[in-house]
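What the coordinates show
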Amino acid sequence: MRKADEVTVQRLLYGNFEYDNSPNTMIPFDRIADLWSNTINDRGVRYITADIARYGKDKTVIMYWKGLTLKEAHVIDTGSLVLVADKIKEIAQEQKVPFSHIIVDEDGVGGGVVDMMPGIKGFMSNKRALPIFNLGVMSPANYMNLKTQMYYKLAEMINFHSIAIDDETIKDSLSEELAILGRKDVDKEGKLKIETKEEQKQLLGHSPDYMDAMMMRMYFEYKPQDNFALAQAPVDMSSFRAD
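Our subject in this report is the structure included herewith. (Residues numbered from 1 in each chain as written. Predicted model: local features only at pLDDT ≥ 70, side-chain atom pairs only at ≥ 80, totals over all residues. Heavy atoms only, no water.)

**Considerations on the side chain of Ser-125**
Operational definition: Note on conventions: DSSP H or I runs of at least 4 residues are helices, E runs of at least 2 residues are strands, and numbering of each starts at the N terminus. Accessibility here uses a 1.4 Å probe with only protein chains present; expressed as a share of the type maximum, an area under 20% marks a residue as buried, one over 50% as exposed, and anything in between as partly exposed. Here a polar contact is recorded for every N or O atom pair within 3.5 Å, except that within protein the pair must consist of a potential hydrogen donor and a potential acceptor, and residues adjacent in sequence are included only if both atoms are side-chain atoms. Throughout, a residue-residue contact means that at least one pair of heavy atoms, one from each residue, lies within 4.5 Å.
Positionally, Ser-125 belongs in the loop between strand E5 (121-123) and strand E6 (132-134). A relative accessible area of 14% means that Ser-125 is categorised as buried. Within polar-contact distance, the side chain of Ser-125 engages the side chain of Asp-107 at 3.0 Å. Setting aside chain neighbours within four positions, we find Ser-125 in contact with Asp-107, Asn-145, Leu-146 and Lys-147.

Right, dumping it as structure tokens:
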């Protein structure tokens, strides 16, 4: 926290929640606070998202969702991949979540969990962004990568009060992480970017594990439902116009 920039210090250390002098900020702090009081009509479709710890101070964060309401988060400070996979299976069984509605960070060691749970989806941050469908027409998305696309979607939905959180235990940690989510190179042409994980770590003093787990829920908001297959398959970009 002490490493955070002026905006984060003002908001989180001194309680000055209205303080914001950065045009790069993606989510105003009042929208973050509203997450725990929003009332939304969830569809009852259940999901699990999980950010798998890599090393050091990283945490494994497993989130259970009903629609766009985050019902509960489970945090594992240390543990084997087998323990993590077993915990995800336990939640899935208790909450009746199909494996096709589970997505896990596949970068690094998370790939081991994907291997242990055939049928779940693996999220790879640097995969190309999913194409955008508009009135049945597919066009390329102007994001640096899949992770950037999901974070822009997350910011949009939080800002429109379309997400709710029931779990109070993660309020401080998640709020701190969402407050530092920022755009990058906004005055330059080219693909949309966000600040890198290393830059986020410098602000927070740790990895944004809660925010990353939350971000992956946005994958399921994209249509059609087979977008995951599209993200893995090569695409002939020459067929798209760069208007």
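**Some details on unusual backbone geometry**
Of all residues except glycine, most have a negative phi; of all peptide bonds, most are trans. If you check the backbone angles, Lys-96 has positive phi at about 60 degrees while not being a glycine. By secondary structure assignment, the location of Lys-96 is in the loop between helix H3 (81-95) and strand E4 (102-105). For Lys-96, a relative accessible area of 68% puts it in the exposed group. In the Ramachandran plot, His-161 falls in the positive-phi region, its phi being about 55 degrees despite a non-glycine side chain. Turning to its location among the elements, His-161 is positioned in the loop between helix H5 (146-159) and strand E8 (164-165).

**Observations concerning H5**
To be explicit about the condition: Here, expected helix span is obtained from the residue count minus one, scaled by 1.5 Å.
Along its 14 residues, H5 runs 20 Å from first to last C-alpha, staying within 8% of the 20 Å computed at 1.5 Å per residue. A large share of H5 lies buried, amounting to 12 of its 14 residues. Inspection of H5 places Leu-146, Lys-147, Thr-148, Gln-149, Met-150, Tyr-151, Tyr-152, Lys-153, Leu-154, Ala-155, Met-157 and Ile-158 among the buried residues, and these make up the whole buried set. Two or three places before Lys-147, at the opening of H5, Asn-145 has a side-chain oxygen 3.4 Å from that residue's backbone nitrogen.

**Here's the deal with helix H7 (residues 197-204)**
What counts is decided by this rule: In this context, the arc is that of the directions from the helix axis out to the C-beta atoms.
Taken residue by residue, H7 has Lys-197, Gln-200, Lys-201, Leu-203 and Leu-204 as its buried positions. Buried residues in H7, looked at end-on, bunch into an arc of 160 degrees, giving them a common side. Elements in contact with the buried residues of H7: H5, helix H6 (171-179), strand E10 (193-194) and helix H8 (209-215). Taken from the residues just after H7, Gly-205 is the one with a positive phi, measuring 85 degrees.

**A short note on the side chain of Asp-167**
Selection criterion: The sign given to each residue is positive for Lys and Arg and negative for Asp and Glu; His and the chain ends receive no count. We define a salt bridge as a contact between a side-chain nitrogen of Lys or Arg and a carboxyl oxygen of Asp or Glu at a distance within 4 Å.
Secondary-structure assignment places Asp-167 in the loop between E8 and H6. For the buried residue Asp-167, which engages in no salt bridge, the nearest side chain bearing the opposite charge is Lys-71, 11 Å off. Within the structure, the side chain of Asp-167 is placed 2.5 Å from the side chain of Thr-169, a separation counted as a polar contact. If we skip the residues at most four places from it in the chain, Asp-167 touches Trp-36, Leu-70, Lys-71, Glu-72 and Ala-73.

**Overview of the packing of aromatic side chains**
We count it as follows: Aromatic pairs are defined between Phe, Tyr and Trp rings, using the six-membered ring for Trp, whenever the two ring centres lie within 6.5 Å; interplanar angles under 30 degrees are classed as stacked, those over 60 as edge-to-face, and all others as tilted. When the NZ atom of lysine or the CZ atom of arginine is within 6 Å of a ring's centre and also within 35 degrees of its normal, the charge is said to sit over that ring.
For the structure on display, the rule yields three aromatic pairs. Aromatic side chains Tyr-219 and Phe-220 sit 5.6 Å apart centroid to centroid with 80 degrees between the ring planes, which places their arrangement in the edge-to-face category. Residue classification places Tyr-219 among the buried positions, given a relative accessible area of 3%. Aromatic ring contacts, followed pair by pair, group Tyr-47, Tyr-219 and Phe-220 into a single cluster. Here Lys-153 stacks its cationic end above the ring of Tyr-222, 5.9 Å away from the centre of that ring. Lying over the aromatic face of Tyr-47, Arg-217 brings its terminal NZ or CZ to 4.1 Å of the ring centre.

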